[in-house]
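A closer look at the structure
Listed below, chain by chain, are the residues.
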Amino acid sequence: MGNVSFRTGHVLNVAPLELAGGPVQAERLRYVDADWLRDLRGQTRDSHVVRRDVETDTVVCVPLKQEAPSLGGATEIIDLREDLYLAASLVRNGLFAYLNSIKRTVLHLRPITFLASGDNDDYFAAALPDGMNNPGQLRVSPVFELDVRVISPEDQPAYVAIIFDGFVSRRILASCAELIRNGVDVRGVYVKRIAETNDQRLAPKLETVGQVGAVDGDRLSLLDHREDTPTILADEAFPQARGEFFDRCVRTLFPRHATTMLASIEQARANFRQGGQLLERLSAVREHIRKQTLPLPQDVTCTLGYFLATAAKDDPHPFPKVHRARSPVYLFDSATPSKACEWPVDAGITRHGPYSSRGFTPNRPRVCVLCQKGKKGQVEQFLVKFKEGVVAGGDGIQPFEQGFLDKYHLGGIDFEFFVTENNSAAAYRKAARSAIASVGPGGPKWDICFVQTEERFKDLPNTENPYLICKSELLTHQTPVQAFTAETMELSPYSIQFALNNLSLACYAKMNGTPWLLKSDQPLLQEMVVGLGSARIGDSRLGSGQRVVGITTVFTGDGNYCLSNLSRAASFETYQEELLDTLRLAVRQVRTDTGWQRARPVRLVFHAFKPFRDAEITAVKQVMEDLGEFNAEFAFVHVVDDHPYRLFDLEQKGKPDKKTRSTKGVLGPSRGIFMLLSEREVLLTLTGFKEVKRPEDGVPRPVLLRIHRDSTFTDPVYLARQVYAFAGHSWQGFFPCDMPVTIEYSAMIARLLGNLATLPEWNSSALLGNIGWTRWFL
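Residues numbered from 1 in each chain as written. Predicted model: local features only at pLDDT ≥ 70, side-chain atom pairs only at ≥ 80, totals over all residues. Heavy atoms only, no water.

Let us look at the environment of Ala158. Its place among the elements puts Ala158 in the loop between β9 (138–151) and β10 (159–172). For Ala158 and Leu84, which are 74 residues apart along the polypeptide, the C-alpha to C-alpha distance reads 8.1 Å. (Helix = DSSP H or I, 4+ residues; strand = E, 2+ residues; numbered from the N terminus.)

Turning to the sheet that holds strand β11 (residues 190–194), a few remarks are in order. The strand order across the open sheet formed by five strands is β14-β13-β12-β11-β15, and the pairing between neighbours is antiparallel. On the outer flanks of this sheet lie β14 (231–233) and β15 (238–239), each paired with one strand and no other. Note that strand β12 (residues 206–216) and strand β13 (residues 219–223) share five bridges and pair antiparallel. Its bridge partner lying in β13, Gln211 is registered against Leu223. (Pairing = 2+ DSSP bridges.)

The next subject is the packing of helix α5 (residues 243–253) against helix α6 (residues 258–273). Following both chains from N to C, one finds α5 and α6 inclined at 140°, their axes separated by 9 Å at the closest point. One finds that α5 runs oblique with respect to α6. Viewed along their axes, α5 and α6 form a crossing whose handedness is right-handed. Along the contact surface, α5 presents Phe246, Asp247, Val250 and Arg251, while α6 presents Ala258, Thr259, Met261, Leu262 and Ile265. (Axes fitted to C-alpha atoms, helices over the stretch in contact; angles between N-to-C directions. Parallel < 35°, antiparallel > 145°, perpendicular 65-115°, else oblique. Left-handed = near helix turned anticlockwise from the far one by under 90°. Contact = heavy atoms within 4.5 Å.)

Another point: the packing of aromatic side chains. Scanning the model with the defined rule gives 29 aromatic pairs in all. When the centroid spacing of 4.7 Å and the interplanar angle of 35° are considered together, the rings of Phe360 and Tyr508 count as tilted. Of this pair, Phe360 sits in the loop between α8 (345–352) and β21 (366–372) while Tyr508 sits in helix α14 (residues 493–510); the two residues are 148 residues apart in sequence, bridging distant segments of the chain. In this structure Phe360 comes out as buried when scored by relative accessible area, which is 10%. Counting every residue linked through ring pairs, the aromatic cluster contains Phe360, Phe382, Phe386, Phe400, Phe404, Tyr408, Phe415, Phe450, Phe484 and Tyr508. Over the ring of Phe417 we find Lys376; its NZ or CZ atom is 4.7 Å from the centre of that ring. Here the basic side chain of Arg671 rests over the ring of Trp343, its NZ or CZ set 5.7 Å away from the ring centre. (Phe/Tyr/Trp six-rings, centres within 6.5 Å; stacked < 30°, edge-to-face > 60°. Buried < 20%, exposed > 50% of the residue type's maximum accessible area, 1.4 Å probe, protein only. Lys NZ or Arg CZ within 6 Å of the ring centre and 35° of its normal.)

Our focus in this paragraph is the pattern of salt bridges. All chains considered together, the criterion is met by 42 salt bridges. Taking the shortest distance from any N to any O, the salt bridge between Asp35 and Arg38 comes out at 2.9 Å. Remark: Arg38 and Asp35 occur in helix α1 (residues 34–43); sequence separation between them is three residues, near one turn of the helix. The partner of Arg456 in a salt bridge is Glu454, with the nearest N and O atoms 3.0 Å apart. Residues joined in a network through salt bridges with shared partners are Arg170, Asp247, Glu266 and Arg269. (Salt bridge = Lys/Arg side-chain N within 4 Å of Asp/Glu carboxyl O.)

Within the open sheet, the three strands sit side by side as β17-β1-β31. Their pairing is antiparallel. Of all strands in the sheet, those with a lone pairing partner are β17 (308–309) and β31 (647–649), marking the two edges. Two strands pair when backbone bridges link them, and strand β1 (residues 10–12) and β31 are joined in this way by three bridges, in the antiparallel orientation. Pairing of Val11 across the sheet is with Phe648, part of β31.

Here we take up the environment of Thr714. With respect to the helices, strands and loops of the structure, Thr714 is situated in the loop between β36 (703–707) and α17 (716–726). The exposure class of Thr714 is partly exposed, given its relative accessible area of 30%. Put simply, Thr714 and Glu679 are 35 residues apart on the chain and 8.1 Å apart in space, counted from C-alpha to C-alpha. Each residue touching Thr714, except ones within four places of it in the same chain, is listed here: Glu679, Arg680 and Ile707.

Our next topic: a negative patch on the surface. Where like charges cluster on the molecular surface, the negative patch consists of Asp216, Asp218, Asp235 and Glu236. Looking at where Asp218 falls in the secondary structure, it is placed in the loop between β12 and β13. (Patch = residues over 30% accessible without salt bridge, like charges linked within 9 Å, V, L, I, M, F, W, Y side chains within 5 Å. Areas by Shrake-Rupley, 256 points an atom, 1.4 Å probe, with all protein chains shown as cover. Lys, Arg positive; Asp, Glu negative; His and termini not counted. Charge placed at Lys NZ, Arg CZ, Asp CG, Glu CD.)

Taking burial as the measure, the seven residues of strand β29 (residues 602–608) include seven buried ones, the bulk of the element. Of the two faces of β29, the one holding Val602, Leu604, Phe606 and Ala608 and the one holding Arg603, Val605 and His607 are both buried throughout. In the sheet, strand β26 (residues 526–537) pairs with β29 via seven bridges, with the strands oriented parallel. By the bridge assignment for β29, Leu532 is matched with Ala608. Sheet topology note: the β29/strand β30 (residues 632–640) ladder contains seven bridges and is parallel. Looking at β30, one finds that Val605 is bridged to Ala635.

Time to look at the environment of Ile172. Looking at the secondary structure, you find Ile172 in strand β10. Given a relative accessible area of 9%, Ile172 falls into the buried group. Once the C-alpha coordinates of Ile172 and Val300 are considered, the two residues, 128 residues apart in sequence, prove to be 41 Å apart. What Ile172 contacts, discounting residues up to four positions off in sequence, is Gln137, Leu138, Leu179, Pro239, Gln240, Ala241, Phe245, Phe246 and Cys249.

Further remarks concern helix α16 (residues 614–626). Compared with an ideal rise of 1.5 Å per residue, which puts 13 residues at 18 Å, α16 spans 19 Å between its outermost C-alpha atoms and is within 8% of the ideal. Along α16, the residues that are buried comprise Glu616, Ile617, Ala619, Val620, Val623 and Met624. Seen from one end, α16 has its buried residues packed into an arc of 165°, which puts them on one side. Counted as exposed and oriented over 90 degrees from the buried face of α16: Thr618 and Asp626. (Expected span 1.5 Å × (residues − 1). Arc of directions from axis to C-beta.)

Further remarks concern α5. Those residues of α5 that fall on the buried side of the exposure criterion are Phe245, Phe246, Cys249, Val250 and Leu253. Each buried residue of α5 lies within a common arc of 140° when the element is viewed along its axis, so the set occupies one face. Buried residues along α5 sit against α3 (123–127), β9, β10, α4 (176–181), β15 and α6.

Before going further, it helps to spend a moment on the pairing of β11. Taken together, the five bridges between β11 and β12 define a ladder with antiparallel strand orientation. When the sheet's bridge partners are listed, Lys192 is paired in β12 with Thr208.

The subject of this paragraph is the confidence of the model for the protein chain. Scored by pLDDT, the protein chain comes out at a mean of 90, with 94% of its residues at no less than 70. In the model of the protein chain, strand β28 (residues 560–571) stands out as the element of lowest mean pLDDT, 64, in contrast to strand β35 (residues 681–684), which has the highest, 98. (pLDDT = per-residue confidence, 0-100.)

Cis geometry marks the peptide bond from Trp343 to Pro344, where omega comes out at 10°. Looking at the element boundaries, Pro344 is found in the loop between β20 (340–341) and α8. A cis geometry characterises the amide bond from Thr361 onward to Pro362, with omega recorded as 10°. Within the element layout of this structure, Pro362 appears in the loop between α8 and β21. Phi at Lys103 is positive, roughly 65°, even though this residue is not glycine. In this structure, Lys103 sits in the loop between α2 (84–101) and β7 (106–108). Even without being glycine, Leu667 reaches a positive phi, approximately 65°. Of note, Leu667 is situated in the loop between β33 (662–664) and β34 (673–678).

Dropping the structure here:
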C-alpha cells in the first residue's frame, strides 16, 4: 500500500501526478461575468472542461470528445506542462467522472467529496446488536476528499498533485415525517429541504430552511427560518445530524441498546481520527485511484504517485524541505537580559517572576468575590489554593507550588465576598451591584472581581447568563472580571494546579500586569503586527445572528514584541473602516510610546482569519501614506485552518493520557515544524503530539499560511517563525495556542463584545475608559 510500509520519517498526504500525452486543443473565450460562466459550465458539462484564466481574463474550454461542438472561441494548442492549472482541471473532471461511473455518492466537486460505501464503512450498522435489522434511517460512515492542486515546494518545480483527506460523517436519511411516525421528537432541530441543483452528477443539494418549533399535522412550524419558509411539509424536511439530535434519534429508535450503540459509534469515529488508521485509510483510497485509468481527453494520461515521504529515496518529487521554528525567547526583566528563557515560559515566571514586577501596582490587590451562598465555603477553600499554591503528587510537575502571591511577587491580596441567594441572573446582578456600591463614589476601586459560575451558564441565553451579566455590570464600572466554575473547584489536586496556574496568569494580565515580553528577531526594523479574528454571535443560524470581527495589534519596541492595549471590534460589514481607524490610532500611539521614526523603514504584517480583499489592501496602504509612512512594506497573511493537508510522523508513538490511561497523539508531528508548499504557502504545525488534549482527538492538523499576492514583504520562513512565536504568547494560559495570539485575542474580543452588545444595559463606551486599555477580555 505504498507509504504505509515506511516506518520512519514524515509523510504528507500529497500524491504527485505525472502527466503524459497532449498537447490538447482548446478554445479560448473572453470572460463576461460570473452568471455567464455558470451558464457556460452548465451547457457544456458533458462536452467540455471549462476553466477561467484570471490572469488573461479569458475562459479556456477543452473538448472531452472529438465530436464536441465548437463554442465560437479562438482555437489554440496548449502544452499541459506549461499550464498546470488547466491540467489540474482535467484531472479533477476525470476523477469526478470515474467516481460517477462506479456509483459513488459525490457531494461536492471542489474538493471532490464522496461517501465511502465499503462493507465495513457503515459504523452505525456495525453498532447494531447481532440479529437486529437496520432500517436504513441513520448512517455513520467515512467521507473522503480528493483535492487536486498545483504545488511548488521549496527548490522544486511546480507539479499537479492530489491531496487526500477524510472524516466521519453522521447522516440522517429519514425525513421528519418518517421520524415522527417512529416517535422521534423533532422540535428544536434545524431542517433542510432539497434545493434545485443544476448538476445531476452530484448528490441532491440540501439547504437549511429553519428550526422546528412545533408539529402541526403534516406540517412543521419553523422558528429562525428563511423569510419565505415559515412552515414546511414534514415529508419534505430532513433534519441535520448535528450533536444532540442524532443521539436523540438513536435513543428513541433503539431505546434498549442506545447507550451501547452510541459508545460504539463514538469509538469508531475516534479510531478513524487516529494517526495510524487515518493514514492507512487515505493510503488505501490513493492506491485504489492509482490503479485506475482516469477518463482524460485527447489521449492525455496520468500516473499517480505515492504520498510524499522523507524516507522515499530518489523520488522525482522529494519531500519538501523541513524547517523547524526556533523557540521564542521570553524576557522577564528589562534591566537584566539574563532573566530570560525559551519555552516553556512557565519555568521563566517561576524562576524570575513577571516582567512588570518592578513597581507593579497594585502590590496588594483588592478583590471582590461573587459566589452563590451555598458554595461560599468551597470558594474560600479554592481561593486559599489560589493565594498560597498547590502541591500535588504524581509525576513531579508542580506548576503552582508558589501560589499567586509568590509567583507574581505580590505583597498580599484582600478578598471581600458578595453572595448570591441563588444561581439566577437577577441574583448575580444584585450581588455585582452591591460590590460596585460598596466602594462608594470616591473610594478605592476593586482591582479585579472573581465570579463563581457553573458550566451550564454558557448554554443559557445571553440575557440569562449570570457571568455575562456580571461582566457587563463590572466592566461598566472599570473593573475586570475573572470567572471560575464550580466544576473547576472540584478538580483533583493534580488537575486543579494547572487550572489555578492559568487563572493566575490571566488575572495578573487583567490587572494590567506584563507577565513577559517576547523578544523580536529583528530589532533594526520598526514592525507592527495586526490581527483579525471573528466570532458569530447569537443563536440564530438564518436570521438575527451576526459575525463580529475583533482587532489586535502587536508592535516592536526596544527589540521586543509588545502587545498593544488597544483592542477593537466591529460588525463584519463595517470592520474595514474600524481596521483603518485602529491602524491610524495604533501608529500614532506607537510613535509616541516607543519613538518610532518616520525615516526608518516600517513593516506591517497582518494576520487574518479570512482572505484579504484587494480593496482592503489598497486602503491600508493609503492610510500609511496619509500618516507619512511612505517607506513601509506589507505582508498580508491568511491563517487557514480549513484545508486538506495532513502531516504524519511515523516514528511518533504518542504520549500517555493520565485520565484515560491510553495514548494520544500517535503519529502526530512535533510542534514548530514547517515547510513551503510554494513561495506563498507554508504548512506549519502549531499543535503537536504533545499538545493533543484527548486520545479521541486523533492526529493534529497543521495550519496553512497563505501570503497575499499584493504583499511587498514575502519572506515565508520569517513569517512562519513569527506566527509560531505568537502562538506561544498568550496570557490566557501557559499552553501554546492553535492560532497566533493576534488572531486568538481578536476572536476573544469579538466574541465578548458581540455577546455584551446583546444585553440591553451594556454600554460599549465603557471601554473608552481605563478598562479598555487592559487585557479585560482574557
